[in-house]
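# Breakdown of the fold
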Amino acid sequence: MVWQWNHNPDNSNWSVKERKGYLRLRTSKIDSSFTQVKNILTQRTFGPVCSGSTMIEFSNMKEGDFAGLSLLQKDFGLVGVKVENGKKKVVMINAENGNPKEIESALLNQDRVFFKAECNFKNQADQGKFYYSLDGKKWISIGKTIKMPYTLPHFMGYRFGLFNYASKTAGGFADFDYFRVEDTISEMK
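What follows covers the sheet that holds strand β7 (residues 77-84). Two modes of strand pairing occur in sheets, parallel and antiparallel, and in both the strands are linked by backbone hydrogen bonds. The antiparallel open sheet is built from 7 strands, whose spatial order is β1-β4-β13-β6-β7-β8-β9. In this open sheet, the two strands that pair with only one neighbour each are β1 (3-5) and β9 (101-107). Ignoring strand direction, the axes of neighbouring strands in this sheet form an average angle of 25°. In this sheet, β7 lies alongside strand β6 (residues 65-72) in antiparallel orientation, the contact comprising 6 bridges. What sits directly across from L69, in β7, is V79.

You can see K144 is positioned in strand β12 (residues 140-147). Put simply, K144 and G77 are 67 residues apart on the chain and 9.6 Å apart in space, counted from C-alpha to C-alpha. Beyond its immediate sequence surroundings of up to four residues, K144 is in contact with M92, N94, E96, I103, G128 and K129.

In total, this model carries 9 aromatic pairs according to the counting rule given. Residues F66 and F163 carry aromatic rings whose centres are separated by 5.6 Å and whose planes lie at 90° to one another, so their mutual orientation is edge-to-face. Here F163 lies in strand β13 (residues 159-166) and F66 lies in strand β6, a separation of 97 residues in the sequence. Both residues of the pair, F66 and F163, count as buried. Using a relative accessible area of 1% as the deciding quantity, one classes F66 as buried. One aromatic cluster is present, formed by F34, F66, F76, F163 and Y165 through successive ring pairs. Over the ring of F66 we find K82; its NZ or CZ atom is 5.4 Å from the centre of that ring. The aromatic ring of Y178 is capped on one face by R180, whose charged end is 3.7 Å from the ring centroid.

Our next topic: the pairing of strand β8 (residues 87-94). Among the 8 residues that make up β8, 7 are buried, leaving the element largely enclosed by the rest of the structure. Relative to β8, β7 runs antiparallel, the two being bridged by 8 bridges. Paired with G80 across the bridge in β8 is V91. Where β7 folds back on β8, the antiparallel hairpin that results is connected by 2 residues, among which N85 adopts a positive phi of roughly 55°. Remark: 6 residues form the turn of the hairpin made by β8 and β9, two consecutive strands paired antiparallel; N97 in that turn has positive phi of roughly 60°.

What follows deals with the sheet that holds strand β11 (residues 127-133). Across the sheet, which stays open at both edges, the 7 strands sit in the order β2-β3-β14-β5-β10-β11-β12 with antiparallel pairing between neighbours. The open sheet is flanked by β2 (14-15) and β12, the only strands paired with a single partner. Sheet topology places β11 next to β12; 5 bridges connect them, and they run antiparallel. Residue pairing in the sheet places Q127 in a bridge with K147 of β12.

Calculation criteria
- Residues numbered from 1 in each chain as written.
- Predicted model: local features only at pLDDT ≥ 70, side-chain atom pairs only at ≥ 80, totals over all residues.
- Heavy atoms only, no water.
- Pairing = 2+ DSSP bridges.
- Helix = DSSP H or I, 4+ residues; strand = E, 2+ residues; numbered from the N terminus.
- Axes fitted to C-alpha atoms, helices over the stretch in contact; angles between N-to-C directions.
- Contact = heavy atoms within 4.5 Å.
- Phe/Tyr/Trp six-rings, centres within 6.5 Å; stacked < 30°, edge-to-face > 60°.
- Buried < 20%, exposed > 50% of the residue type's maximum accessible area, 1.4 Å probe, protein only.
- Lys NZ or Arg CZ within 6 Å of the ring centre and 35° of its normal.

Right, dumping it as structure tokens:
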């Protein structure tokens, strides 16, 4: 009951049965705007603090694919794996004022990565921070802290989102092993 799709889902492009124990998100069309991507599986954030984490295996992504974890709202932020020029990299994007910008990236030399998003709503701080890990133990901060203003164009409040979309060629997929929510965060700065 806590899960919600961001749009009416395309049920032929997601599965929890193709690979037992994993959520598989397939790309089926080319998308030019993250907020229009179908099959972003979301779950509401909560206060005063919370975090969501996942592990993604991405060996079957295609050129231009982008899969990861978002804090979804009009002014979204996200961290994900992007396939670009045959290379895979972790990318953090901040869409402050509705203008998505790549803030930081790091090359990857493996086919799985862990992501975490942390939210701080204490005293109306309304901040989000992204992390990645190569082993699920040591977390590396990426990008910058995002502002999470309260707006109503997409949802009431921010939602965690698991996503995969194509910008060049449809047909790739990413496998999400788990999604865990906690009511703690590391110290945000």
